[in-house]
Amino acid sequence: AGVHWQLQIADENGQPVKAGEVGELCVRGPGLMKCYFNNPEATAEVLKGGWLFTGDMAREDEDGFVHLVDRKKDVIICGGENLYPVQIEDFLRTHQAIKDVAVIGLPDHRLGEIVAAVIELKPGIACSEAEMTEFCTALPRYKRPRRIFFEAVPRNPTGKIEKPRLREKYCHGSLVEAQTES
């Protein structure tokens, strides 16, 4: 007998989303983790009703294939819209001057968060913020980066972008302001 795992894509209330909509990927089946050792709060966050909430945002297409969209903790909520940094990064990587890019959300008093792009240019190639802003007019207005930083994109030894480091660097001061203003 084969191992029978189930998956569903759920909204923030744990209800399945319609095909084509983005939600959190949930799995259940034999061998599923029972808990985080000595951490009931973390356990309650990811294990609900027998489902493991993976933290991965995904959508299922009309053929039943599941496409990973982004990590839940990296989703930017701007003016009530969920924005997926990976989609914006993929667009920016098509610019010939860009070597690497990371998109993060910065706290914003009015919109909740705004899109910020950390852009690493190819060696010896110049590109201004104005040129990058012009390039981004091909994106829907709400997905366009409002802040652009030119610097090396930090990656860990496995090649993963270190977004927590970028959020700490660029959000630290404004996060305190955002919390004290509300």
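Structure first, text after, so check above.
Residues numbered from 1 in each chain as written. Predicted model: local features only at pLDDT ≥ 70, side-chain atom pairs only at ≥ 80, totals over all residues. Heavy atoms only, no water.

Trainee: Honestly, the overall build of the protein in this entry has me stumped. Any pointers?
Mentor: Secondary structure assignment for the protein yields four helices and 10 strands. Going residue by residue from the N terminus, the α and β elements of the protein occur as β-β-α-β-β-β-β-β-α-β-β-α-β-α. Counting only C-alpha atoms, the protein reaches 60 × 45 × 35 Å along its principal axes. For the protein, the residues scored as buried account for 36% of the 182 residues in total. Carbon and sulfur atoms make up 53% of the accessible area of the protein, which totals about 11300 Å². Taking the 23 positively charged and 28 negatively charged side chains of the protein as two groups, their mean positions are separated by 2 Å. (Helix = DSSP H or I, 4+ residues; strand = E, 2+ residues; numbered from the N terminus. Buried < 20%, exposed > 50% of the residue type's maximum accessible area, 1.4 Å probe, protein only. Areas by Shrake-Rupley, 256 points an atom, 1.4 Å probe, with all protein chains shown as cover. Lys, Arg positive; Asp, Glu negative; His and termini not counted. Charge placed at Lys NZ, Arg CZ, Asp CG, Glu CD.)

Trainee: Honestly, a nonpolar patch on the surface in this entry has me stumped. Any pointers?
Mentor: Taken together, the side chains of Leu-7, Val-66 and Leu-68 make up a nonpolar region of the molecular surface, amounting to roughly 270 Å² of accessible area. Summarising the element assignment, Leu-7 is placed in strand β1 (residues 6-10). (Patch = residues over 30% accessible without salt bridge, like charges linked within 9 Å, V, L, I, M, F, W, Y side chains within 5 Å. Salt bridge = Lys/Arg side-chain N within 4 Å of Asp/Glu carboxyl O.)

Trainee: Explain the pattern of salt bridges here, please?
Mentor: When the charged atoms of two side chains with opposite charge come close together, those side chains can pair. The tally for this structure, following the rule as stated, stands at 10 salt bridges. In this structure, Asp-56 engages Arg-71 in a salt bridge whose closest nitrogen and oxygen atoms are separated by 3.0 Å. Of this pair, Asp-56 sits in strand β4 (residues 51-60) while Arg-71 sits in strand β5 (residues 66-71), placing them 15 residues apart in sequence. Through salt bridges with shared partners, a single ionic network connects Asp-90, Arg-93, Asp-100 and Arg-155.

Trainee: Hey, could you run me through the state of the cysteines in this one?
Mentor: Disulfide: a covalent bond connecting the sulfur atoms of a pair of cysteines. On inspection of all chains with the given rule, the structure shows zero disulfides. Cys-35 forms no disulfide, and the closest cysteine sulfur to it belongs to Cys-26, at a distance of 19 Å. (Disulfide = S-S within 2.5 Å.)

Trainee: Teacher, can you tell me more about the sheet that holds strand β9 (residues 112-121) here?
Mentor: Here three strands make up an open sheet; going across it, the order is β8-β9-β10 and the pairing mixed. The two strands at the open ends of the sheet, each matched to only one other strand, are β8 (98-108) and β10 (147-150). The average undirected angle you get between the axes of adjacent strands in this sheet is 25°. Here β9 pairs with β10 via four bridges, running parallel. If you follow Ala-116 over to β10, its bridge partner there is Arg-147. On the sheet, helix α2 (residues 85-92) packs against β8 and β9 and is oriented at approximately 145° with respect to β8. (Pairing = 2+ DSSP bridges. Axes fitted to C-alpha atoms, helices over the stretch in contact; angles between N-to-C directions. Contact = heavy atoms within 4.5 Å.)

Trainee: How should the environment of Gly-20 be read in this particular structure?
Mentor: Assignment of secondary structure puts Gly-20 in the loop between β1 and β2 (23-28). A sequence separation of 39 residues divides Gly-20 from Arg-59, and the C-alpha atoms of the two residues are 5.6 Å apart. With residues near it in sequence (within four places) discarded, Gly-20 still touches Arg-59 and Glu-60.

Trainee: Teacher, can you tell me more about α2 here?
Mentor: Counting along an α-helix, one turn takes 3.6 residues, and residues three or four places apart therefore face a common direction. Within α2, the full set of buried residues consists of Pro-85, Ile-88, Glu-89, Phe-91 and Leu-92. Projected onto a plane normal to the axis of α2, the buried residues spread over an arc of 160° and lie on a single side. (Arc of directions from axis to C-beta.)

Trainee: How do you make sense of unusual backbone geometry when you look at a structure like this?
Mentor: The general pattern is negative phi for most residues beyond glycine and trans for most peptide bonds. The phi torsion at Asn-38 lies on the positive side, around 55°, for a residue other than glycine. Looking at Asn-38, the relative accessible area reads 67%, which means it is exposed.

Trainee: Is there a simple way to think about the packing of aromatic side chains in this case?
Mentor: Any pair of aromatic rings gets described here by the distance separating the centres and the angle formed by the planes. Enumeration according to the criterion identifies two aromatic pairs in this entry. Measuring from centroid to centroid gives 4.8 Å for Phe-91 and Phe-135, while their planes differ by 25°, and the two rings are stacked. With Phe-91 in helix α2 and Phe-135 in helix α3 (residues 129-135), the pair connects residues that are 44 residues apart, well separated along the chain. Relative to Tyr-170, the ring of Phe-149 lies with its centre 3.9 Å away and its plane at 20°, an arrangement referred to as stacked. In this pair, Phe-149 sits in strand β10 while Tyr-170 sits in helix α4 (residues 163-181), placing the two residues 21 residues apart along the sequence. (Phe/Tyr/Trp six-rings, centres within 6.5 Å; stacked < 30°, edge-to-face > 60°.)

Spatial relationships are all this shows, so hold off on functional conclusions.
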